[in-house]
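Chain by chain, the residues:
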Amino acid sequence: MPYAPQRPVDVPPYQLQPLVSGFVDTLSRAAGHPVTIRCAQAIGSEIYVGCSNGELLRFALQGNTVDTADTYTLLSRQSIPNEKPIDEMVLAPSISRALVLSDHQIHFYTLPALDMVPLNHIKPIRNVVAFAVDEQHLKRPPQYNNDIPLPVEPIEFCVVKRNAISLYSLRERLFFQKEIPLPQGGVLAKRTGKYLFVADRENYNAIDLAQASLVPLLPISQAMDSNIAIKPSITIIGENEFLILSWTGASTIGIFITGEGDPVRGTLEWPSHPEAVSLDYPYVTTLLPNGTIDIHSVETQAIVQVIPAPPEGSSPLSGDRRALIASLNGFFIPSTQRTEKLRPMPVRLVRGLGKATAGPRVDHEDAHAIPDLPAL
């Protein structure tokens, strides 16, 4: 199994850059016990972090002087009502809402301020095992960034419960649509359009929400004699395409499948089962158990870049890598070279050349006597 890029590109598509750090130690000291990051999301100049102590943190990019780089600064912190660990956070910028999963409940917050939606408007959804928002709806641009208000279309999402799937739509209010039986249950779900992929304890399944039909796909682990628990992985590639991972006992293969359950493209392969998978088209990024990050091309299925495991020590880039998170609407990264590129430079100013003036004429020889003025 290759550990080096099979078809390296001249300029690697990715590089690592720390954005926020050090706040976990502060939270741990204040709480009197270790606090960890459970999930995170980013959009525009905002980063949202969910912690194991039930806290939601909001960071914003703050502009500094020319001599210092911009940095993400903690703007607010608050605890969800039950103060249980936050399992998942999904941003729906087109309706200015964030959906937060904790203790089998989905709570609703506003964007970008991250204030809780009043309970008399929307109550939490309970008995949630997993949920999946239509990814096509998540890609809609943020409403709060538009100078001219645009018509707001509701987003739709599915909630997987113990033995059923509940369908909802959300705008200012939450509306229940229908329920589809799912006797085997599910632990992970991803949705795009009318297609929902669900992983139960053993297999992947493709569900057509319009027809309420289910097609079994393949097992999460093909090594039947293994007692190792394999984590399912589902990644949306396009409007009608998913990537699912299956452990063979010796390696993990990634298979591209349409919403109808038909395989497309080639396959991907890893020497160990990835901890996390993320899409930034045309690249699929995977985090391996040893901390290495592999980047494959969706089009060619070849490895184009390998980011080594983090170094040991106190560097901001050291430490465990736990997840990969895709930002569907993009976010800002502070420039690490601004202080070098933006510096005062002398510029020679010449007045009166190239146009007629009513005042005294300035000869070319006299123009050289004009002093240099600093400019940015």
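Cut-offs used in this document
- Residues numbered from 1 in each chain as written.
- Predicted model: local features only at pLDDT ≥ 70, side-chain atom pairs only at ≥ 80, totals over all residues.
- Heavy atoms only, no water.
- Helix = DSSP H or I, 4+ residues; strand = E, 2+ residues; numbered from the N terminus.
- Buried < 20%, exposed > 50% of the residue type's maximum accessible area, 1.4 Å probe, protein only.
- Contact = heavy atoms within 4.5 Å.
- Areas by Shrake-Rupley, 256 points an atom, 1.4 Å probe, with all protein chains shown as cover.
- Polar contact = N/O pair within 3.5 Å; in protein donor to acceptor, adjacent residues only side chain to side chain.
- Pairing = 2+ DSSP bridges.
- Axes fitted to C-alpha atoms, helices over the stretch in contact; angles between N-to-C directions.
- Core = buried A, V, L, I, M, F, W, Y, C linked by side-chain atoms within 4.5 Å.

(A) Structural view of the overall build of the protein. Scanning the protein for helices and strands turns up four helices and 25 strands. Looking at the protein as a whole, 41% of its 376 residues are labelled buried. Expressed as a percentage of contacts within the protein between residues at least 6 apart in sequence, the contacts between residues at least 24 apart total 47%. On the protein, roughly 20500 Å² of surface is accessible, and the fraction owed to carbon and sulfur atoms is 52%.

(B) Looking closely at the side chain of S246. Here S246 is to be found in strand β17 (residues 241–247). Reaching out from S246, the side chain makes a polar contact with the backbone oxygen of P219 at a distance of 2.9 Å. A distance of 2.9 Å separates polar atoms of two side chains, one belonging to S246 and the other to Q222. Residue contacts for S246: discarding those within four places in its chain leaves L218, P219, I220, S221, Q222, S251, T252 and I253.

(C) Summary view of the sheet that holds strand β23 (residues 303–307). Pairing is antiparallel in the open sheet, where four strands are placed in the order β20-β21-β22-β23. A strand with exactly one partner marks an edge of an open sheet, and here the two such strands are β20 (276–280) and β23. Here the average twist between neighbouring strands, direction ignored, is 20°.

(D) Structural detail: the nonpolar core. In this structure, F197, Y204, I234, I237, L243, I244 and V284 are the most contacted members of the largest nonpolar core, which totals 27 residues. Looking at this core, the elements that each hand over two or more residues are β13 (195–199), β14 (203–208), β16 (234–238), β17, β18 (252–258), β19 (263–270) and β20. The element best represented in this core is β17, accounting for five residues. Setting aside residues no more than four positions away along its own chain, Y204 makes contact with V198, A199, P216, L217, L218, P219, I220, P232, S233, I234, I244 and L245. Listed in part, the 19 residues of the second largest apolar core include L101, I155, F157 and V159.

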